[in-house]
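Report on the structure
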Amino acid sequence: MKPLVVVTGVNGQLGWELQQLASAFTSYDFLFANRDMLDLEDTDMIPFFFEKNKPDYFINCAAYTAVDKAETEKGKAFLINALSVGEMAKQCAILDIPFITISTDYVFNGNGADGIDKMPYLPNSSIDPINYYGLSKAEGELLAKKYHAKTIIVRTSWVYSSHGNNFVKTMLRLMKERPAINVVVDQFGSPTYAGDLASALMQIVMALESGNTHYGTYHYSNTGIISWYEFAVAIQQKTGLPCLVNPIPTDQYPTPAKRPVYSAMDSSTITADFGIKLHDWKESLTKFIESRLVTPIT
Ligand SMILES: NC(=O)c1ccc[n+]([C@@H]2O[C@H](COP(=O)([O-])OP(=O)(O)OC[C@H]3O[C@@H](n4cnc5c(N)ncnc54)[C@H](OP(=O)(O)O)[C@@H]3O)[C@@H](O)[C@H]2O)c1
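Below is a short write-up of the structure. (Residues numbered from 1 in each chain as written. Predicted model: local features only at pLDDT ≥ 70, side-chain atom pairs only at ≥ 80, totals over all residues. Heavy atoms only, no water.)

Quick look at the packing of helix H2 (residues 46-53) against helix H3 (residues 74-95)
Geometry of a packed helix pair, given as the angle between the helix axes and the separation of the axes. At a minimum axis separation of 9 Å, H2 and H3 run at an interaxial angle of 35°. Both H2 and H3 take part in a crossing whose hand is right-handed. Contact residues: H2 offers Ile46, Pro47 and Phe50, while H3 offers Ser84, Glu87, Met88, Gln91, Cys92 and Leu95. For the contact of H2 with H3, the class distribution of residues is six nonpolar, two polar and one charged. (Axes fitted to C-alpha atoms, helices over the stretch in contact; angles between N-to-C directions. Helix = DSSP H or I, 4+ residues; strand = E, 2+ residues; numbered from the N terminus. Left-handed = near helix turned anticlockwise from the far one by under 90°. Contact = heavy atoms within 4.5 Å. Nonpolar A, V, L, I, M, F, W, Y, C, P; charged D, E, K, R; others polar.)

Put into structure tokens, the structure is as follows:
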């Protein structure tokens, strides 16, 4: 029998990209779980899901990702991003299977690693979230590690995909609708194409299958550190849409949740421990935009 990989959050960006890749991994069976099959607001049901499906690998791509709404829906964010992550880790421990779960650059405060301005964060840098979403994800990390030694946490940042809502799709829409747009110039990080991350997650599964035991916390983003403004300018230049992109400071774009001003992460340990190749953010964006020209996006 083939090993069964269970993936949550199949209707989200990353879960959807994993589903697109699955047919290339013929030595595995996959079960893509949507909210109806596994509702992470109902933690009592999680053990039944595991008993019924008996995964060999579990990849949790589901999360409460509404960063601003999390400031007012704290209970819901904590249940999905922290308590149920802990429960899934416990169930993976019972089955003695690897638990891979995704976290975020928003666990960091934005002052740079060790408080050094513009120093990319390492997986072992101190975490200090400045918004509730980041806090709920940080607590999920702690619970996952507490309940299961065979946990791999993959922190990522600024995720986009052809499926779901994200900055790139919003920019493309606004650039078609408006002659000019304002984009924040003083927040820095690294974009991540969800297809690249999905492929990295499958490389981790295959490495584990071959006996790799590098459990722990990792970072995975596309390489390069930019502002949202630079990201928007690149999108405009690659598409040639006739829209002017104006840089604005964060205080001219107030949001309910504070964002770290700098959340770039050093992803080198995922390459060292799993042989995963990192991709340049501009190359991934180019591939993404070119693929959109072939297949219009929903
Ligand atoms: N998006 C980013 O920029 C970003 C940045 C850093 C880290 N991350 C992390 O990366 C991971 C993947 O993010 P993403 O961008 O793919 O997220 P997404 O597109 O917002 O998808 C989230 C998924 O979680 C599911 N979900 C939410 N509540 C659920 C519940 N109660 N029970 C079961 N499923 C539930 C959603 O289901 P429905 O479709 O039914 O709503 C959706 O499929 C998450 O861990 C996220 O925190 C994302």
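Topic: the pairing of strand E5 (residues 151-156)
Counting buried positions over the six residues of E5 gives six, a clear majority of the element. In E5, alternate side chains face the same way, and those of Thr151, Ile153 and Arg155 on one face and Ile152, Val154 and Thr156 on the other are all buried. With six bridges connecting them, strand E4 (residues 99-104) and E5 associate as parallel partners. By the bridge assignment, threonine 104 is partnered in E5 with threonine 156. The β-α-β motif built from E4, the intervening helix H4 (residues 132-147) and the parallel element E5 has right-handed crossover chirality. (Buried < 20%, exposed > 50% of the residue type's maximum accessible area, 1.4 Å probe, protein only. Pairing = 2+ DSSP bridges. Right-handed = clockwise from strand over helix to strand, strands pointing away.)

Brief notes about the site of the ligand
Taken together, 24 residues lie around the ligand, and Arg35, Leu40, Thr65, Tyr133 and Lys137 are the ones closest in. Between the ligand and the protein, one listed contact pairs an oxygen atom with a side-chain N or O atom of arginine 35 at 2.8 Å. Contact with the protein chains covers 83% of the free accessible surface of the ligand, which is 910 Å². Among the elements that take part in the shell around the ligand, E4 stands out by supplying three residues, more than any other. (Near = heavy atom within 4 Å. Polar contact = N/O pair within 3.5 Å; in protein donor to acceptor, adjacent residues only side chain to side chain. Areas by Shrake-Rupley, 256 points an atom, 1.4 Å probe, with all protein chains shown as cover.)

As for helix H6 (residues 194-209)
Over its 16 residues, H6 runs 23 Å from end to end, which matches the ideal 22 Å to within 8%, given 1.5 Å per residue. Across the 16 residues that make up H6, a large majority, twelve, are buried. Along H6, the positions that sit buried rather than exposed are Ala194, Gly195, Asp196, Leu197, Ala198, Ala200, Leu201, Met202, Ile204, Val205, Ala207 and Leu208. Glycine 211 sits one or two positions beyond H6 and adopts a positive phi of about 100°. (Expected span 1.5 Å × (residues − 1).)

Quick notes on a negative patch on the surface
On the surface, Asp36, Asp39, Asp42 and Asp44 cluster together into a negatively charged patch. Topologically, aspartate 44 is positioned in the loop between strand E2 (29-33) and H2. Aspartate 44 gets classed as exposed once you look at its relative accessible area, which sits at 59%. (Patch = residues over 30% accessible without salt bridge, like charges linked within 9 Å, V, L, I, M, F, W, Y side chains within 5 Å. Salt bridge = Lys/Arg side-chain N within 4 Å of Asp/Glu carboxyl O. Lys, Arg positive; Asp, Glu negative; His and termini not counted. Charge placed at Lys NZ, Arg CZ, Asp CG, Glu CD.)

Section: the packing of aromatic side chains
This model, assessed by the stated rule, comprises 19 aromatic pairs. In textbook terms, an aromatic cluster arises when at least three aromatic residues are bridged by ring pairs, as seen for Trp158, Tyr160, Phe167, Tyr193, Trp228, Phe231, Trp281 and Phe288. Across the ring face of tyrosine 147, the terminal group of lysine 90 is positioned such that the distance to the ring centre comes to 4.6 Å. (Phe/Tyr/Trp six-rings, centres within 6.5 Å; stacked < 30°, edge-to-face > 60°. Lys NZ or Arg CZ within 6 Å of the ring centre and 35° of its normal.)

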